[in-house]
Amino acid sequence: MLSIKNLHASIEGNEILRGINLEVKAGEVHAIMGPNGSGKSTLASVLAGREEYEVTEGEVIFQGKDLLELAPEDRAREGVFLAFQYPVEIPGVSSTNFLRTALNQVREYRGQEPLDAVKFLSLMKEKMALVEIDQKLLSRSLNEGFSGGEKKRNEIFQMAMLEPVLSILDETDSGLDIDALRIVSNGVNKLKSDKTATIVVTHYQRLLDYIVPDYVHVLYKGRIVKSGTKELALELEEKGYDWIKEEVDSAATV
Amino acid sequence: MSTLTQQDTFQALFAASPENFHSIRNSGKESFLNQGIPAVKAEEYKFTNISKKLDNALTNFSTALPFEVTPSQVKSALFEGFEGDVLVFANGAFLPELSSTIEGVEISKLSDKPETSLGSIAKASKDPFAALNQASFVDGIFISVPKKSQIERPILLLSFNKENLGQVIQPRVWIEVGDFAEVTFIDQSISLSDSAYFVNKVVEVKGGVNSQISYYRLQNEGKNTIEVSNIETDILKDAKFTSVNISLSGDMVRNNLSLNLLGSNSEGNMFGVYLLNGKTHVDNHTNVDHTIPHADSNELYKGILADQSRGVFNGKIFVRQDAQKTNAFQQNNNILLSEDAIVNTKPQLEIWADDVKCSHGCTVGQLDEEALFYLRARGLDKLSAKGLLLYAFAGEVLEKIEEESFHNHVVNLIQERLGSKF
Ligand SMILES: Nc1ncnc2c1ncn2[C@@H]1O[C@H](COP(=O)(O)OP(=O)(O)O)[C@@H](O)[C@H]1O
Ligand SMILES: [Mg+2]
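Throughout what follows, the structure given in this document is the object of discussion. As a convention, each chain's residues are numbered from 1 in the sequence order in which they are written. Each chain takes a letter, starting from A, and each ligand takes a number, starting from 1, following the order in which they are written. Where totals are concerned, whole chains, interfaces and linings use all residues; where local detail is concerned, this predicted model gives features only for residues with pLDDT of at least 70, and gives and counts side-chain atom pairs only at 80 or more. To get the side-chain values, all heavy atoms of the structure are used, and hydrogens and water are removed first.

## A word on the coordination of the magnesium ion (ligand 2)
Residues and elements named next belong to chain A.
Part 1 of the reasoning: Coordination of the magnesium ion (ligand 2) by the protein involves Ser 41 (OG) and Gln 85 (OE1), with metal-donor separations of 2.1 to 2.3 Å. Remark: Gln 85 occurs in the loop between β6 (80-83) and β7 (90-94) and Ser 41 occurs in helix α1 (residues 40-48); sequence separation between them is 44 residues.
Part 2 of the reasoning: Working definition: with a 1.4 Å probe on protein chains only, accessible area under 20% of the residue-type maximum means buried, over 50% means exposed, and in between means partly exposed. The exposure class of Gln 85 is buried, given its relative accessible area of 17%. Donor atoms (N, O, S) are those found within 2.8 Å of the metal centre, with the cutoff raised to 3.2 Å for Na, K and Ca; water is not part of the atom list, so apparent gaps in a site can occur. Under the DSSP-based scheme used, a helix requires at least four consecutive residues in state H or I and a strand at least two consecutive residues in state E, with every element numbered from the N terminus.

Here it is as structure tokens:
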């Protein structure tokens, strides 16, 4: 489904991604872990199409299409969804209006009929139940004044509404208490199918007890330096990242 | 040497002015000759070089005459859903035959009301253009809403402007609203020609005790219109006056809006949006004068500027020594959509009382790129995403318009301009 080859990206002349290779197949869950500042969010943003980042080398093929050629909105319409590490507060934009416009533009692109107000509302109700999000939150401006946990839950709610093929969750677990973590993970798990794939970017192994990955990758200094199965996450939990840093840094000095 | 600075340019206007309101005209003329047209460096007109603009644009500095307007022109100028009464003007002259009669409201030509105290609210001495209007207006309208009457339907002041020779149109409006009365005005002008002309408008509003007045204004005229307006109101005890001013086009526009809070527990609100493109220049100079204790003023102006447009905001809050317990809030926010757009914004606070709550703030920024990306990442195309953000920015002001059909009309115009419907 997704094939990343030798991806290099920089911002303001600093190279952040320095040759990423990753293959994701339908039905799989990949976890990307790594110390702060290693480039996890950068990778997620580049996949979603943030324009500040310049891709200097490499390619990304998503369902046979050159993803890097597409505008951010077209990537979303093709089925890429990024749950932001820091969802943006947008005063004055109603969550409901915005979602309906977005969903209908996505549907139009996919050749589907637009949803009328009634159908949209019933879809909303169904998805709200899935992530246990309160109607009151959605009647406010988008993310405005939401707590950290509420913002993350709203991300998953939007994901449920847009029914993506590839979901990228950027530290969706950070800052959540156990209950919220359970609800959010539950939502993600229910949305999974053998036709979709998930990339979870996380700092903590904890999330992976709920969303069980098929593969775990460690990103460090803009490269995937280690890949393994879910046991790797447990090892990282126990030993931290220092041993990986040492391995990589000493190899580099040789 | 510019011709305008030589004041004999104005002699044609003075010569053509009617005989009525003799002493008022004379004091207007005297005041105008004292002040002169604002020089390039004039503090009050520092960012808005109206003299030069007039010099360059007008070939014939003389009074514009009224012309015939047809009922079908009036009909097609009305926006969707509007259910109210219409007062029609042509080049500033009131056309009673095309206008509604409004039950309980006295409406007449100014020339039929010689005892009106024109210039007692918008004083000629405060602004040269107010003085010029007072000296040389031709006729205007007198509107009186009697005590305790609640005028449910909005009153639309619909002005048709048309000039081919670049002449001067000087509307003059006098509104008095009795104690405990309520009324909503919508002030809108339609350009019937694209050529340059100069509108120099004065509106005086005398609000009674506990009156409630809304004055909504839409400036969406031809791209060559040059306009100066002086709108001033006296607000008495327990009364409320709300102005919402929407500027969408024109060549150079200068709005002087002044609220005089003269009685305790009075409230003055000034709201505005300027959404500009091309080379349009809009200058909002507002002034609220707190003369007595326990009065409130609120002000919020928002600007969105594209292309080479320019916005000027100057908000003066004057709190006199006696005006304790004043609440005065002011905010001006701007978004620049192009590198060539310019905003000059300045709060001007003069506070002589010591027990007041006063706050002000101004911002000039770009469209929030983070927010734009967030919306696009959810599948919204760039234009809709931009439109949604800009509309949300302006929406805080637009929601102050309580008259529904006018609100919808303005929302439609703005969404059209922002390139998307949602
Ligand atoms: N907008 C930016 N401008 C400059 N440097 C940036 C910007 N965004 C991220 N970086 C840098 O890129 C590196 C990787 O950041 P990020 O992808 O956020 O890491 P992670 O998500 O793994 O913590 C960091 O060193 C960070 O300082
Ligand atoms: Mg990150």
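## Brief notes about the sheet that holds strand β9 (residues 166-170) of chain A
Within a sheet, each strand pairs with its neighbour through backbone hydrogen bonds, oriented either parallel or antiparallel.
Residue and element names in this part refer to chain A.
Part 1 of the reasoning: DSSP calls a pair of strands paired once it identifies at least 2 bridges connecting them. In space, the 6 strands of this open sheet follow the order β6-β9-β10-β3-β11-β12, with mixed pairing throughout. Looking at strand neighbours, the two that pair on one side only are β6 and β12 (223-228), the edges of this open sheet. Pairs of neighbouring strands in the sheet enclose a mean axial angle of 20°, with direction left out of account.
Part 2 of the reasoning: In this structure, strand β3 (residues 29-33) lies alongside strand β10 (residues 197-201), joined through 4 bridges in parallel fashion. For Ile 32, the partnering residue across the bridge sits in β10 and is Val 201.
Part 3 of the reasoning: Pairs of residues are marked as contacts when any of their non-hydrogen atoms sit within 4.5 Å. Orientation is described by axes fitted as lines to C-alpha atoms, over the contacting stretch for helices, and by angles from 0 to 180 degrees between their N-to-C directions. Contacting β6 and β9, helix α6 (residues 148-162) runs over the sheet at an angle of about 170° to β6.

## Some remarks on α1(A)
Part 1 of the reasoning: The element α1(A) is extensively covered by neighbouring structure, given that 8 of its 9 residues are classed as buried.
Part 2 of the reasoning: Buried residues of α1(A): Lys40(A), Thr42(A), Leu43(A), Ala44(A), Ser45(A), Val46(A), Leu47(A) and Ala48(A), and no others.

## Side note on the nonpolar core
Residues and elements named next belong to chain B.
Part 1 of the reasoning: By size, the foremost hydrophobic cluster in this structure holds 126 residues, and its most contacted members are Ile 246, Leu 375 and Ile 414.
Part 2 of the reasoning: Per-element accounting of this core gives the leading share, 10 residues, to helix α7 (residues 382-398).
Part 3 of the reasoning: Split by domain, this core shows at least three residues from each of two domains, domain 1 (3-262) and domain 2 (370-422).
Part 4 of the reasoning: In this view, Ile 246 contacts Arg 217, Leu 218, Gln 219, Val 273, Leu 398, Ile 401, Val 410 and Ile 414; residues no more than four positions away in its chain are not counted.
Part 5 of the reasoning: Grouping buried Ala, Val, Leu, Ile, Met, Phe, Trp, Tyr and Cys residues that are joined through side-chain atoms within 4.5 Å yields what is termed a nonpolar core. Judged by nonpolar contacts, the second largest core, of 47 residues, contains Ile 155, Val 253, Val 282 and Val 319. Those domain boundaries reflect an automatic or database domain assignment.

## Topic: the site of ligand 1
All names here are of chain A.
Part 1 of the reasoning: Throughout, near means a residue has at least one heavy atom within 4 Å of the molecule or strand. Taken together, the neighbourhood of ligand 1 is formed by Ile 11, Glu 12, Ile 16, Pro 35, Asn 36, Gly 37, Ser 38, Gly 39, Lys 40, Ser 41, Thr 42 and Tyr 53.
Part 2 of the reasoning: Between N or O atoms, a polar contact is any pair within 3.5 Å; within protein, one atom must be a potential hydrogen donor and the other a potential acceptor, and residues adjacent in sequence are included only when both atoms are from side chains. Within the contact set of ligand 1, an oxygen atom lies 3.0 Å away from a backbone nitrogen or oxygen of Gly 39.
Part 3 of the reasoning: Here an oxygen atom of ligand 1 and a backbone polar atom of Ser 41 are 2.9 Å apart.
Part 4 of the reasoning: Note on areas: Shrake-Rupley, 1.4 Å probe, and residue coverage restricted to the protein chains presented here. Contact with the protein chains removes 63% of the 560 Å² of surface that ligand 1 exposes when unbound.
Part 5 of the reasoning: Ranked by residue count, the leading element in the shell around ligand 1 is α1, at 3 residues.
Part 6 of the reasoning: The residue inventory of the shell around ligand 1, partitioned by class, reads 4 nonpolar, 6 polar and 2 charged. Each residue gets one of three labels, nonpolar for Ala, Val, Leu, Ile, Met, Phe, Trp, Tyr, Cys and Pro, charged for Asp, Glu, Lys and Arg, and polar for the others, Gly among them.

## Quick look at the interface of chain B and chain A
Part 1 of the reasoning: Each side of the interface is counted separately: chain B has 18 residues, and chain A has 30 residues.
Part 2 of the reasoning: Accessible area that two parts lose when put together, with a 1.4 Å probe and added across both, is what the buried area reports. The three residues of chain B that bury the most area against chain A are Phe373(B), Tyr374(B) and Arg378(B), which together make up 40% of that side's buried surface.
Part 3 of the reasoning: Whenever a carboxyl oxygen of Asp or Glu lies within 4 Å of a side-chain nitrogen of Lys or Arg, that contact is scored as a salt bridge. Here chain B and chain A share 4 salt bridges between them.
Part 4 of the reasoning: With its nearest N and O atoms 2.6 Å apart, the salt bridge here joins Glu155(A) to Arg378(B).
Part 5 of the reasoning: Run the count over chain B and chain A and you get 13 residue pairs in polar contact (both at pLDDT 80 or more).
Part 6 of the reasoning: Where the side of chain B that touches chain A is concerned, the elements lending two or more residues are α6 (369-376) and α7 of chain B.
Part 7 of the reasoning: Looking at which element gives the most residues to the side of chain B that touches chain A, the answer is α6(B), with 6 residues.
Part 8 of the reasoning: By residue class, the composition of the side of chain B that touches chain A is 10 nonpolar, 2 polar and 6 charged.

## A word on the sheet that holds strand β8 (residues 182-191) of chain B
Residue and element names in this part refer to chain B.
Part 1 of the reasoning: Spatially, the 10 strands line up as an open sheet ordered β2-β1-β5-β8-β10-β12-β14-β16-β18-β20, and their pairing is mixed. The open sheet has two edge strands with one neighbour each: β2 (93-94) and β20 (356-365).
Part 2 of the reasoning: Strands β12 (240-247), β14 (267-276), β16 (296-305) and β18 (326-336) of the sheet are contacted by α7, whose axis makes an angle of about 155° with β16.

## A short note on the packing of aromatic side chains
Residue and element names in this part refer to chain B.
Part 1 of the reasoning: Working definition: rings of Phe, Tyr and Trp (its six-membered ring) pair if their centres are within 6.5 Å, and the pair is stacked with planes under 30 degrees apart, edge-to-face with planes over 60 apart, and tilted otherwise. Within this structure, the stated rule accounts for 13 aromatic pairs over all chains.
Part 2 of the reasoning: A centroid spacing of 6.0 Å and a plane angle of 15° characterise the contact between Tyr 216 and Phe 406, whose relative ring orientation is stacked. Of this pair, Tyr 216 sits in strand β10 (residues 212-219) while Phe 406 sits in helix α8 (residues 404-417), and the two are 190 residues apart along the sequence. Like Tyr 216, the residue Phe 406 is buried in the burial classification.
Part 3 of the reasoning: Three or more aromatic residues joined by ring pairs make a cluster, and in this case those are Phe 79, Phe 82, Tyr 216 and Phe 406.

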